[in-house]
Amino acid sequence: MPELVVVQRDDPIAVVLLNRPRQLNALSDELMDELVSELQRLDRDAAIRCIVLGGSERAFAAGADIGELAQSSAIELYYARRVERWDAIRNLWTPLVAAVSGYCLGGGSELAMSCDLIIASETARFGQPETSLGIIPGAGGTQRLTRAVGKAAAMDVILSGRLLSADEALAAGLVARVVAREAWLEEAKRVARDIATKGPVATRLAKEAVNRAFESTLQLGLEYERRALYLAFASEDAKEGLTAFTEKRKPDFRGR
Ligand code: COA
């Protein structure tokens, strides 16, 4: 059996590719289990400072595996604790860059939105087509998409099934950059390498602080940011980064 998730290490980054091409990377239970365990393994590896998550040029992922869903009962889904897997992805410390090319639908779109930022190919198409199957998004689609693009566009996408083009997703704030078709993976790797050069402690704290902006009030978010700044200051990395600048050399961050 071919692996459902392919991991390519290129320290200090790793590339994780979904690998069910015949099903357009539909997120089966088995694929999600493999994905979460690979991501958690890389997250524990101090040599990996940023992870790129991608699919193929044709599809990032075309959603949950509809065949599996069709055969599951509500209680089976409940007992399978599917949502916990998504929490595990959201709780990774290592920054996660989604490289999206082609279809990015349903659970695929929710997976991309669970990453820290999205680099999209000009071919990317984002959608939440669940209501056409008689269900609704269940891994954050109604919440994350609405926070990312606002109510008007989210209602349009979720209720009418309209797909957002890469440029629309960029204009709406869902993706960070749009790149040429052939650059879909390379550009995400380049961004990941840039992220990997920064102080790892600071990067983790910064990512948590940005996430706070979506999860709490402004006052609580500012409070969190201030404390995270003091914590960053207490790191050896901060001493190294500030000293390296004054000594006109590149910092040698250790993640301490
Ligand atoms: N789950 C399981 N299988 C899927 C799938 C999914 N979410 N999405 C695509 N596939 C399978 C198709 O069944 C097909 O398999 P087959 O060759 O054995 O018939 C294969 O992937 C290729 O898909 P196909 O529909 O032939 O490609 P297309 O280019 O004509 O259309 C899509 C592409 C993405 C528009 C279409 O596959 C689609 O609408 N998929 C479902 C999207 C969806 O509703 N996602 C939300 C799930 S909750």
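No experiment lies behind these values; they were computed from the predicted model shown.

Here is what the cut-offs are and how they apply
Residues numbered from 1 in each chain as written. Predicted model: local features only at pLDDT ≥ 70, side-chain atom pairs only at ≥ 80, totals over all residues. Heavy atoms only, no water. Helix = DSSP H or I, 4+ residues; strand = E, 2+ residues; numbered from the N terminus. Rg over C-alpha atoms; globule rule 2.2 N^0.38 Å. Buried < 20%, exposed > 50% of the residue type's maximum accessible area, 1.4 Å probe, protein only. Contact = heavy atoms within 4.5 Å. Pairing = 2+ DSSP bridges. Axes fitted to C-alpha atoms, helices over the stretch in contact; angles between N-to-C directions.

Of the regular secondary structure elements, the chain holds twelve helices and ten strands. Taking 256 residues into account, the globule formula puts the C-alpha radius of gyration at 18 Å, and the chain, at 19 Å, falls close to it. A principal-axis box enclosing the C-alpha atoms of the chain has dimensions of 60 × 45 × 40 Å. A total of 256 residues make up the chain; the buried ones form 43% of that total. Considering only residue pairs separated by 6 or more positions, the chain has 67% of its internal contacts joining residues 24 or more positions apart.

Let us now look at the sheet that holds strand S9 (residues 164-165). Here four strands make up an open sheet; going across it, the order is S4-S6-S8-S9 and the pairing mixed. Two strands lie at the open edges of the sheet, namely strand S4 (59-61) and S9, each paired on one side alone. Alignment of strand S8 (residues 125-127) against S9, held across two bridges, turns out to be antiparallel. Following the sheet pairing, Arg125 is matched in S9 by Ser165. Sitting on the sheet, helix H5 (residues 107-114) touches S4, strand S6 (103-105) and S8, and the angle it makes with S6 is about 90 degrees.

A few words on the environment of Asp33. Mapped onto the secondary structure, Asp33 falls in helix H1 (residues 29-43). Residue classification places Asp33 among the partly exposed residues on the basis of a relative accessible area of 43%. In the structure, Asp33 is positioned 52 residues away from Arg85 in sequence and 7.7 Å away in space, judged by C-alpha atoms.

By the bridge criterion, six bridges tie strand S1 (residues 5-10) to strand S2 (residues 13-18) in an arrangement that is antiparallel. From the neighbouring strand, Val5 faces S2, where its bridge partner is Leu18. Between S1 and S2, which pair antiparallel in sequence order, lie two residues.

Right, let's get into unusual backbone geometry. Of note, the amide linkage connecting Asp11 to Pro12 takes the cis form, showing an omega dihedral of 10 degrees. With respect to the helices and strands, Pro12 occurs in the loop between S1 and S2. We note that Leu24 has phi near 50 degrees; this positive angle belongs to a residue other than glycine. Turning to its location among the elements, Leu24 is positioned in the loop between S2 and H1. The phi dihedral of Lys248 falls on the positive side, at around 55 degrees, and the residue is not glycine. Note on placement: Lys248 falls in the segment after helix H12 (236-246). Since its relative accessible area comes to 78%, Lys248 is described here as exposed.

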